Every structure is written in C-alpha cells, then in structure tokens.
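Chain residues, written in single-letter form:
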Amino acid sequence: MSAQPQPRRVENLHTDKGKVPVYATGIVEQPWDGYTTEDHATWATLFARQRELLVGRASEAFLHAQDAMGMTPHAIPKYAELNAVLGAATGWQLIGVEGLLPELDFFDHLANRRFPVTWWIRKPEQIDYIEEPDLFHDLFGHVPLLMNPVFADYMQAYGRGGVKAHAVGAEALQNLTRLYWYTVEFGLIREHGALRIYGSGIVSSKGESIHALESAAPNRIGFDLERIMRTRYRIDTFQKTYFVIDSFEQLIEATRPDFTPIYARLAAQDSIPAGEVLDGDHVFQRGSGEGWAGDGDV
Ligand code: HBI
Ligand code: FE
C-alpha cells in the first residue's frame, strides 16, 4: 500500500485582514493525485452508505445542497472544484488542513468564510468511527450546508463570535463551543412537522444517524440559546440530548445580539449535565437514559 500522500505545506500564506498580513498556518494543498484507490474506496463506501441512510432522516436542505455541489461516491471531491460552486453560491471557500486547528485559527477562518477541511481520509478499519474529524466528516458532513445562504451566514457569525469570545475568556469560549456542538455538530431541525438531522457529527455517522432520531434513550429538546450554552456535552459517546431548531433563520436570529451580557449572565449560573431535562424545556422526547455513561460530560 503506497505511503500516505504527503501534501505540500503552504507556509506563510498571506491573508489580508485590514491591511495587516495574517499568516495562516497549517494550510495545505489537497494532495488529490496522491489519494490511493483505497482512499477513494473508503469515500465511496461511506458516501453511499450514508446517503442511503439519510433519505427521510437528513434535512432536505442538507441533501439538496450536497447534490447541488455535485458530490458523488465516485471519487473524493476536489476542493478546487467545490470552491467554484461554493464560492458562487455563498462566498465560502474550503482550505485543506492537517486536522483540528487551535480555536482562534479556526474561528478566524470561519469569520472570513474559509472552512478548514482535513486533507486525509480514515483507514478502512476506522470506517465506523474515528476520533478526530477526517476528510469524510468535514467534506460530507460540514461543507454541504455552507451552500445554504442562511446557514452560511450563521457559520460566519459563529466565527466572528468565536474571535470575540476568545478575547473574553475561557468560560465564554466554553459557552460558545457548546452552541457549536449542539447545532453545527449535533443539531436536529423540524421539517414538515418531523424531526430531521442537519448536524455534521450525526450525518457523517452511521450509528448516530439512526440513534439521534429513533432511539428512546436521548432527550430531544427545543432550541433555547442560553440553555444550550449552559449544557455540557459528550465527546466519546452518542449525545444524551439533541436540540431541535425550527429553521436556520432561528439560528441566525439567535446569534444577532451581542453576547457580552449573555456571557455575564451565564457566568453566574451552573452548567447543566448533558442528560438533564429542565422544567422550562420544550420537550419532544424525555429520554429513557438507557445506556448512558454516568460520568464524562464535558
Ligand atoms: N479545527 N479543523 C478544525 N475543525 C473543527 O471543527 C474545529 C477545529 N478547531 C476547534 C474546533 N473545531 C472546536 O473547538 C469548535 O467548537 C471551535
Ligand atoms: Fe465537525
């Protein structure tokens, strides 16, 4: 099996921001010619399996956007080709990265409509689960909804909010990370009266695509910004609670106000355990809690 393609690192790429060149680190060119047939086969298997699972489970906005981008199982998409379509639709661009970025770098990219996509794809033995985000999680899971103008605006607003929160401090960052987690990564949306998936962490996972909508174990609760920003979450298991939005407009409206007073209010309140249901919650399902791990909420 040939060695993993070694991407050419694009060091010191200038990105002008207010005339002060900002060096973006960790950006790599997608080594598309270096992908092996095994890499393309992994993409094909994951793509076909998820698309079959997601009919009737994923939001129509997600499925339509993925089709509009021209994503198919036949080969790992070329970022440059997707950028032509995405740029025309909402001004977003994909950049190749090694993997998870320091938070401020990540936020700065989002604030400038650049979405970082990991350049490598998981190995066949990792087909059902991989700890960190690989190309499939990012490209199949996160990128399609950047075609949706309202969601695209939300993602940029999130990035701008992240840059500000980084200056406010660790607690504000934690509040904001929870918002990302329960919307962008693990969010559900009501569509034609039914619950559908739009969160990337769910759509890119075979098990969670089923669990999030059909299991009796998790809570499913209506979106409430400050309630979400107080709620701890799970890294290593399915979520104990999924939050449901009515529309992407609801997300962008929720992030319009300045968060400074919100951070101040939240600082005076306790965090909420991942599996708890509060009296004021709009409860779609109160979970049975079956199979929940006792500790490990972050
Ligand atoms: N970096 N490449 C990459 N992709 C992410 O999704 C990502 C990240 N760094 C930080 C991060 N996500 C989370 O902490 C967000 O909640 C900010
Ligand atoms: Fe992600």
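An unreviewed UniProt entry lists the chain under the name Phenylalanine-4-hydroxylase, from Luteimonas marina. The chain has a UniProt comment under Catalytic activity (unreviewed entry) that states "(6R)-L-erythro-5,6,7,8-tetrahydrobiopterin + L-phenylalanine + O2 = (4aS,6R)-4a-hydroxy-L-erythro-5,6,7,8-tetrahydrobiopterin + L-tyrosine".

A.B. asks: Which residues make up the site of ligand 1, and what are the values?
C.D. replies: Every residue lining ligand 1 is accounted for by Gly99, Leu100, Leu101, Glu103, Phe106, Phe107, Tyr158, Thr177 and Tyr180. In the model, an oxygen atom of ligand 1 is placed 3.2 Å from a nitrogen or oxygen of the Glu103 side chain. Protein burial of ligand 1: of its 390 Å² of free accessible surface, 90% is covered by the chains. Of all the secondary structure elements, the ones that give two or more residues to the shell around ligand 1 are helix H4 (103–111) and helix H7 (170–185). Among the elements that take part in the shell around ligand 1, H4 stands out by supplying three residues, more than any other. Class assignment of the residues belonging to the shell around ligand 1 gives a composition of six nonpolar, two polar and one charged.

A.B. asks: Would you mind going over the pattern of salt bridges in detail, with residue names and values included?
C.D. replies: By the definition in use, this model includes 15 salt bridges. Between Asp108 and Arg114 there is a salt bridge, with the nearest N and O atoms lying 3.4 Å from each other. Given the relative accessible area of 13%, Asp108 is considered buried. Notably, a salt bridge pairs Arg256 with Glu253, separated by 3.1 Å at the nearest N-O pair.

Cut-offs and rules
- Residues numbered from 1 in each chain as written.
- Chains lettered and ligands numbered in written order.
- Predicted model: local features only at pLDDT ≥ 70, side-chain atom pairs only at ≥ 80, totals over all residues.
- Heavy atoms only, no water.
- UniProt positions renumbered as here; feature names shortened; annotations may be inferred.
- Near = heavy atom within 4 Å.
- Polar contact = N/O pair within 3.5 Å; in protein donor to acceptor, adjacent residues only side chain to side chain.
- Areas by Shrake-Rupley, 256 points an atom, 1.4 Å probe, with all protein chains shown as cover.
- Helix = DSSP H or I, 4+ residues; strand = E, 2+ residues; numbered from the N terminus.
- Nonpolar A, V, L, I, M, F, W, Y, C, P; charged D, E, K, R; others polar.
- Salt bridge = Lys/Arg side-chain N within 4 Å of Asp/Glu carboxyl O.
- Buried < 20%, exposed > 50% of the residue type's maximum accessible area, 1.4 Å probe, protein only.

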